[in-house]
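Chain residues, written in single-letter form:
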Amino acid sequence: MPHRSTPSQESVSSAGSSTLDISISAAPYPFLTMFARSSIVAILRSAVVVGYMCIEDRDTTFHFGTEKTDGTVVHLRVLSGKFWTRIFSSGDLGFSEAYMIGEVEIENLKSIMDLWLDNQSTASSVSSLYSRLAAAFSGLRNAFFGQTRSRARLNVIASYDQSNELFKAFLSKEMMYSCALWSDDEGGVRGDLIDGPSPLDLENAQMRKIHHVLQTARVKPGDRLLEFGTGWGALAIEAAASYGCEVDTLTLSTEQKALAEERIRERGLVGRVRVHLMDYRDIPPEFEHAFDAFVSIEMLEHVGSKYYRKYFELVDFALKPATATVVVTSSTFPEGRYTGYQADDFMRRYMWPNSCLPSATVLIDAAYAASNGRFTLEGVENHAPHYPRTLRTWDRRLKANLSQETMARQYPALRDRATYGSFLRKWEYLFAYAGAGFAKGYITCHMLTFVRASDVTVACD
């Protein structure tokens, strides 16, 4: 049963101290903060039915669920009353902000993600009772307090993700920023938890992913390959170097284009891999029916539900009328959770603004409609079980390899210790948040393969 315990006088002050001493060291919060805390506590009392949560605040400790449990156990320590107002006004987005700013300490960040997902159905139904009041509170907070120092810091760390040095710190050597594919060679999807990580485990798993995509795309020497979403050129380079393809790849990032072209020159592939700084909606007329295959690795999350059909119209436009293959991968929502409108959350506010996760069937329907039936579904794979280990590996590497000095050279504001700490906690939060989502089935990761309707991919007579 949920309960609340208040520290004894001895636990908060020396023997013989008066109540006045306690009020000095643990003064009550302002009215709005107390109201927010009371509301959140009321929600948690009904919401936490699986697992156990302990929240230690300045004047009391709250307990939710059953302490003797086989479920997830969470311990939080509130360091600032703003923790309560952030959650009250912004829900899980507010919680992520409180963590990044340092207004709450958590013994195990993944545990809070697991507890939230384990209790999602009850938490959602109870918290909806407070949504209108919270929205009004959020509006008042913005009107009266505006750009606070903590808000300014959050805005700063949201915009410092364009550095190639940042991604070099945690990605594999070829710099694939997407789900790897783990095999028994690395101990499978839980090998790092059982036997620990090995030096090149991520490199091997990412190269396996690249070859799996290219082999599924059925590319061969002399083929022209079109890619939406260059990244740092890993797949395009491998397609040219190992499969003999000619590749055109599109990106919107000047930083990625510069590093990809540098790596293309180092591999002696100039002229065989062309990197275009171009929106996919601006592909030129000469691309019509020019390509044998199309690939796109985790770029569809940035297209938006309004443009899925347009996306596949352009893929249909660029591919040859026969013997052509499409391979796309994307983080996805299960069908029952997908909606074309997706509210602001940690991912969309601080990692990928305006992103929108599709579902597998939404993409399949869009591909069929956009091509007027000229595409047919060839295969569906769910790579979600491979993502948590990918994220855990990125987390380890970032903590081991990134230095404040390196980042501050490009972004002087990160010389400030508090801002840099918030910046690191943002990435730590991402890896835990996404990892729990994939592990619990809240989000998935699909690879879809389409071929031309008349294509026969396997000889059968």
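The model shown is predicted, which means the values in this text are computed figures rather than measured ones. (Residues numbered from 1 in each chain as written. Predicted model: local features only at pLDDT ≥ 70, side-chain atom pairs only at ≥ 80, totals over all residues. Heavy atoms only, no water.)

**Q** Before we move on, can you summarise the overall build of the chain with the specific residues and values?
**A** Summing up its helical and strand segments, the chain has 19 helices and 12 strands in all. A burial count over the chain gives 52% of its 461 residues as buried. Residue pairs at least 24 apart in sequence account for 76% of intrachain contacts in the chain once pairs closer than 6 positions are excluded. When the accessible area of the chain is evaluated, it comes to approximately 21,300 Å², of which 53% is carbon and sulfur surface. (Helix = DSSP H or I, 4+ residues; strand = E, 2+ residues; numbered from the N terminus. Buried < 20%, exposed > 50% of the residue type's maximum accessible area, 1.4 Å probe, protein only. Contact = heavy atoms within 4.5 Å. Areas by Shrake-Rupley, 256 points an atom, 1.4 Å probe, with all protein chains shown as cover.)

**Q** Outline a nonpolar patch on the surface, listing residues and values.
**A** On the surface, Phe31, Leu32 and Phe35 cluster together into a nonpolar patch covering about 330 Å² of accessible area. Residue placement: Phe35 occurs in helix α3 (residues 31-47). Using a relative accessible area of 34% as the deciding quantity, one classes Phe35 as partly exposed. (Patch = residues over 30% accessible without salt bridge, like charges linked within 9 Å, V, L, I, M, F, W, Y side chains within 5 Å. Salt bridge = Lys/Arg side-chain N within 4 Å of Asp/Glu carboxyl O.)

**Q** Let's hear about the side chain of Ser183: which residues, and what values?
**A** As for its position among the elements, Ser183 is in the loop between α9 (164-170) and α10 (191-194). Given the relative accessible area of 17%, Ser183 is considered buried. Side-chain polar atoms of Ser183 contact the side chain of Arg208, separated by 2.9 Å. In this view, Ser183 contacts Gly188 and Arg208; residues no more than four positions away in its chain are not counted. (Polar contact = N/O pair within 3.5 Å; in protein donor to acceptor, adjacent residues only side chain to side chain.)

**Q** Describe the packing of helix α4 (residues 82-101) against helix α19 (residues 417-439), listing the residues and the values that go with them.
**A** Where α4 meets α19, the closest approach of the two axes is 8 Å, and the angle between their N-to-C directions is 135°. When the interaxial angle is binned, α4 and α19 end up oblique. Classified by chirality, the crossing of α19 by α4 is right-handed. Contact residues: Asp92, Phe95, Ser96, Tyr99, Met100 and Ile101 in α4; Ser422, Arg425, Lys426, Glu428, Tyr429 and Tyr433 in α19. Classifying every residue of the contact of α4 with α19 gives 6 nonpolar, 2 polar and 4 charged. (Axes fitted to C-alpha atoms, helices over the stretch in contact; angles between N-to-C directions. Parallel < 35°, antiparallel > 145°, perpendicular 65-115°, else oblique. Left-handed = near helix turned anticlockwise from the far one by under 90°. Nonpolar A, V, L, I, M, F, W, Y, C, P; charged D, E, K, R; others polar.)

**Q** Account for the side chain of Ser296, with residues named and values stated.
**A** Along the polypeptide, Ser296 turns up in strand β9 (residues 293-297). On the basis of relative accessibility, which here comes to 1%, the residue Ser296 falls in the buried class. Polar contacts involving the side chain of Ser296 include one to the main-chain carbonyl oxygen of Phe228, which spans 2.9 Å. In this structure Ser296 touches Phe228, Tyr311, Val327, Val328 and Thr329, once residues within four positions along its chain are discounted.

**Q** Give me the confidence of the model for the chain: which residues, what numbers.
**A** Per-residue confidence for the chain averages 87 on the pLDDT scale, and 86% of its residues sit at or above 70. A low-confidence stretch, residues 7-27 (pLDDT under 50), is modelled with 13 contacts involving residues beyond four sequence positions or located in other chains. (pLDDT = per-residue confidence, 0-100.)

**Q** Give a description of the environment of Gly233 that names residues and reports values.
**A** With respect to the element layout, Gly233 can be found in the loop between β6 (224-228) and α12 (234-243). Considering only alpha carbons, one finds Gly233 and Glu174, 59 residues apart in sequence, at a separation of 8.1 Å.

**Q** Go over the sheet that holds strand β12 (residues 444-452) with me, naming the residues and quoting the values.
**A** Strand pairing in a sheet relies on backbone hydrogen bonds. The paired strands run either parallel or antiparallel. The 7 strands lie next to each other as β8-β7-β6-β9-β10-β12-β11, forming an open sheet whose pairing is mixed. Sheet topology places β8 (273-277) and β11 (375-382) at the edges, where each strand pairs with a single neighbour. In this sheet, neighbouring strand axes are inclined to one another by 20° on average, regardless of whether the strands run parallel or antiparallel. Looking at chain direction, β11 and β12 are connected through 7 bridges and run antiparallel. Within β12, the residue paired with Gly379 across the bridge is Thr449. (Pairing = 2+ DSSP bridges.)

**Q** Requested: an account of the packing of aromatic side chains, with residues and values cited.
**A** The geometry of an aromatic ring pair is captured by the separation of the ring centres together with the interplanar angle, meaning the angle of the planes. Scanning the entire structure with this criterion turns up 38 aromatic pairs. Judged by centre distance (4.9 Å) and plane angle (45°), the ring pair of Phe167 and Trp232 falls under tilted. Taken together, the residues span a long stretch of sequence, with Phe167 in helix α9 and Trp232 in the loop between β6 and α12 at a distance of 65 residues. Taking the relative accessible area as the measure of exposure, Phe167 reaches 6% and is therefore buried. Each member of the aromatic cluster is reached from another via a ring pair, and the members are Phe62, Phe64, Phe83, Trp84, Phe95, Tyr99, Phe346, Tyr350, Tyr429 and Tyr433. (Phe/Tyr/Trp six-rings, centres within 6.5 Å; stacked < 30°, edge-to-face > 60°.)

**Q** Any chance you could break down the pairing of strand β2 (residues 52-56) for me, citing the residues and the numbers?
**A** Most of β2 is tucked away, with 4 of its 5 residues classed as buried. Pairing of β2 with strand β4 (residues 73-78) involves 5 bridges; the strand directions are parallel. For Met53, the partnering residue across the bridge sits in β4 and is Val74.

**Q** Please set out helix α11 (residues 201-216) residue by residue, giving values where relevant.
**A** With 16 residues, α11 should reach 22 Å at 1.5 Å per residue; the first-to-last C-alpha distance of 23 Å fits that figure. Within α11 the residues assigned to the buried category are Asp201, Leu202, Glu203, Ala205, Gln206, Lys209, Ile210, Val213 and Leu214. (Expected span 1.5 Å × (residues − 1).)

**Q** I'd like to hear about unusual backbone geometry, residue by residue, with values.
**A** If you check the backbone angles, Arg218 has positive phi at about 60° while not being a glycine. Of note, Arg218 is situated in the loop between α11 and β6. Judged by relative accessible area, Arg218 falls into the partly exposed class, the value being 30%.

**Q** Tell me what's going on with the packing of helix α17 (residues 387-401) against α19, and back it up with residues and numbers.
**A** Think of two packed helices as two axes; the pair is described by the angle between the axes and how far apart they sit. Contact geometry of α17 with α19 gives a least axis separation of 8 Å together with a crossing angle of 165°. Taken as axis vectors, α17 and α19 run roughly antiparallel relative to one another. Considering the relative orientation of α17 and α19, their crossing is left-handed. Facing α17, whose interface residues are Tyr387, Pro388, Leu391, Trp394, Asp395, Leu398 and Lys399, α19 presents Trp427, Glu428, Phe431, Ala434, Gly435, Phe438 and Ala439. Grouping the constituent residues of the contact of α17 with α19 by class yields 10 nonpolar, 1 polar and 3 charged.

**Q** Break down the nonpolar core for me, citing the residues and quoting the values.
**A** Counting 70 residues, the largest nonpolar core has Ile55, Phe83, Trp84, Leu166, Phe170, Phe346 and Trp427 as the members making the most contacts within it. Looking at which element gives the most residues to this core, the answer is α19, with 11 residues. The next biggest cluster of nonpolar side chains, apart from the first, holds 31 residues, and it includes Ala290, Phe312, Val328 and Ala367. (Core = buried A, V, L, I, M, F, W, Y, C linked by side-chain atoms within 4.5 Å.)

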